[in-house]
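The primary structure of each chain is shown beneath.
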Amino acid sequence: MIDIKVLREQPDWVVERLRTRGFEFDLSQFHKLDHARREINLLLDQNRQKRNQFSEQFAKLMRDKAVSPEKVEAIRKESEDLKGKIALLEEQIREADYRIDQFLLNTPNFPHSSVPVGKNESENVEVKKWGAIPSFSFAPKEHWEIGEKLGILDFERGAKITGARFCVYRGNGALMERALINFMMDLHAGTHRYTEVLTPFIVNEKSMTGTGQLPKFEEDLFGLKDKGFYLIPTAEVPVTNIHQGEILEEKELPISYVAYSPCFRREAGSYGKDTKGLIRQHQFNKVELVKFCRPDDSYNELDRLLADAEAVLIKLNLPYRVVSLSTGDLGFSAAKTFDIEVWLPGQNRYREISSCSNFESFQARRADIKYRAGEKGRPVHLHTLNGSALAVGRTLVAILENFQQPDGSVTIPESLRPYMGGKEKIVGI
């Protein structure tokens with residue numbers, strides 16, 4: 001959630017920053033809601049002050065033995081009436097706060113000043129490239145054709161079991177998926193020193209709201225029959241909410257978590273996009289990195305998180321590039337995002353395999369996550385960051401396409417071989 005203090009003090013700046021990402025903030029509606037709350041709050045303060053005055057008067061009267069019981073009772077009744085007014089105004093304040101919160105919950109984050117201004121993904125800015133694009137003596141195939149011929153990917157039976165955009169991994173396909181998860185978890189929990197966590201794959205409405213999926217993106221979620229519970233679209237949701245409603249100590253920061261999870265997405269609005277293969281499935285695996293840090297450190301931590309995600313591709317020898325998303329392509333909660341895009345020879349293009357984002361205090365405000373600066377410092381909202389490291393299925397896709405051989409086999413990257421029993425090639429199930 002955006003900082004309401006900034007909105008009150010710099011409303012024109014807020015409108016302009018949000019406009020760069022294609023969002024028209026309704027400032028007049030906010031002023032209307034905020035003015036109504038201020039009026040209620042003024043009445044509440046006035047009545048609380050009267051209550052305090054009555055309390056002092058009542059105490060004096062009780063000490064004055066010459067005062068008649070009738071006058072004491074009159075003061076007591078007036079005090080009780082005032083108490084009822086205060087209770088009513090407190091309820092009205094809660095309702096006003098709720099209306100403001102609901103209004104702001106649908107407002108995206110401010111883009112950081114370093115984010116390139118643009119209307120959509122076509123105006124994203126390339127930051128770097130790594131690795132050599134492979135050349136082939138034959139026309140490279142796309143991953144689904146490779147996987148089906150090797151018998152390691154079965155889309156037909158996945159569709160039979162559930163429906164479109166599901167797949168059965170078989171033999172070396174299933175083994176490679178599991179190997180990639182273990183490889184990534186070992187790298188991040190070991191070399192990169194993230195704390196490994198295994199969280200629930202079902203979360204409640206409050207957790208989804210905390211990270212920004214609700215209320216705006218409910219159509220993208222798989223809700224359960226028990227109302228108020230959802231399958232997670234990413235481990236970012238449960239991992240970020242580990243510290244929901246907590247006040248952390250400054251000495252604990254930064255906190256870095258790594259988690260494996262399956263992810264479930266409806267892919268609403270993606271009709272006709274990537275209908276073949278593993279690129280856009282309803283169920284897929286990811287290894288996720290989440291950080292909690294001091295505001296002054298968050299952009300340095302974003303650089304570290306990005307480097308940790310890149311390390312997976314470097315160790316697998318998969319060519320990739322990094323792009324800085326323009327304001328028009330930023331996710332709802334992000335202040336700044338770097339996408340890592342891996343090269344796919346079968347498609348002859350780079351495709352996203354990770355998004356690494358700094359949300360600044362946006363999620364922390366929604367999930368009420370704070371830290372205390374110093375021993376006696378006032379609790380303030382910290383910054384949260386998140387990145388895929390990596391999307392496992394898309395990494396498998398990249399291996400199949402980049403390491404395909406003329407005979408239809410696939411060479412296994414050297415760093416992955418220990419996780420696949422020493423195998424050097426996939427020649428079938």
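Here the residue index of a chain counts from 1 through its sequence in written order. Residues qualify for local features only when their pLDDT is at least 70, as the model is predicted, and side-chain atom pairs are given and counted only at 80 or more; totals for whole chains, interfaces and linings, by contrast, use all residues. Computation of side-chain values covers all heavy atoms of the structure but excludes hydrogens and water.

A. Expanded view of the pattern of salt bridges. Criterion for a salt bridge: a side-chain nitrogen of Lys or Arg within 4 Å of a carboxyl oxygen of Asp or Glu. Evaluation of the coordinates by the stated rule reveals 21 salt bridges. Put simply, Glu90 and Arg48 hold a salt bridge, and the shortest N to O gap is 2.9 Å. Taken together, the residues span a long stretch of sequence, with Glu90 in helix α4 (residues 69-105) and Arg48 in helix α3 (residues 27-63) at a distance of 42 residues. As a salt-bridge pair, Glu301 and Arg304 come within 2.8 Å of each other at their nearest N and O atoms. Note that Glu301 and Arg304 are positioned in helix α10 (residues 298-316) at a spacing of three residues, about one turn of the helix. Only protein chains enter the accessibility calculation, which uses a 1.4 Å probe; a residue whose area is less than 20% of its type maximum is buried, one above 50% is exposed, and one in between is partly exposed. By relative accessible area, Glu301 is classed as buried at 7%. What makes Arg304 partly exposed here is its relative accessible area of 45%. Taken together, the shared-partner salt bridges connect Glu250, Arg294, Asp296 and Asp297 into one network. Working definition: helices are DSSP H or I runs of at least four residues, strands are E runs of at least two. Numbering for both runs from the N terminus.

B. Structural view of the packing of aromatic side chains. Pairing of aromatic side chains requires ring centres within 6.5 Å, counting the rings of Phe and Tyr and the six-membered ring of Trp. Pairs whose planes differ by under 30 degrees are stacked, by over 60 edge-to-face, and all others tilted. Counting across every chain of the model gives 10 aromatic pairs. Pairing Phe136 with Phe138 gives two aromatic rings, centres 5.3 Å apart and planes at 65 degrees, and the pair type is edge-to-face. Between Phe183 and Tyr419, the aromatic rings sit 5.8 Å apart at their centres with planes inclined by 75 degrees, giving edge-to-face as the arrangement. Pair noted here: Phe183 is in helix α7 (residues 172-191) and Tyr419 is in the loop between β16 (410-411) and β17 (425-426), with a separation of 236 residues, a long-range link. The class of Phe183 is buried, set by a relative accessible area of 5%. Overall, Tyr419 belongs to the partly exposed group, its relative accessible area being 27%. Clustering of aromatic rings is evident, with ring pairs tying together Phe25, Phe30 and Phe103.

Take it as geometry only, folks, not as evidence of what the structure does.
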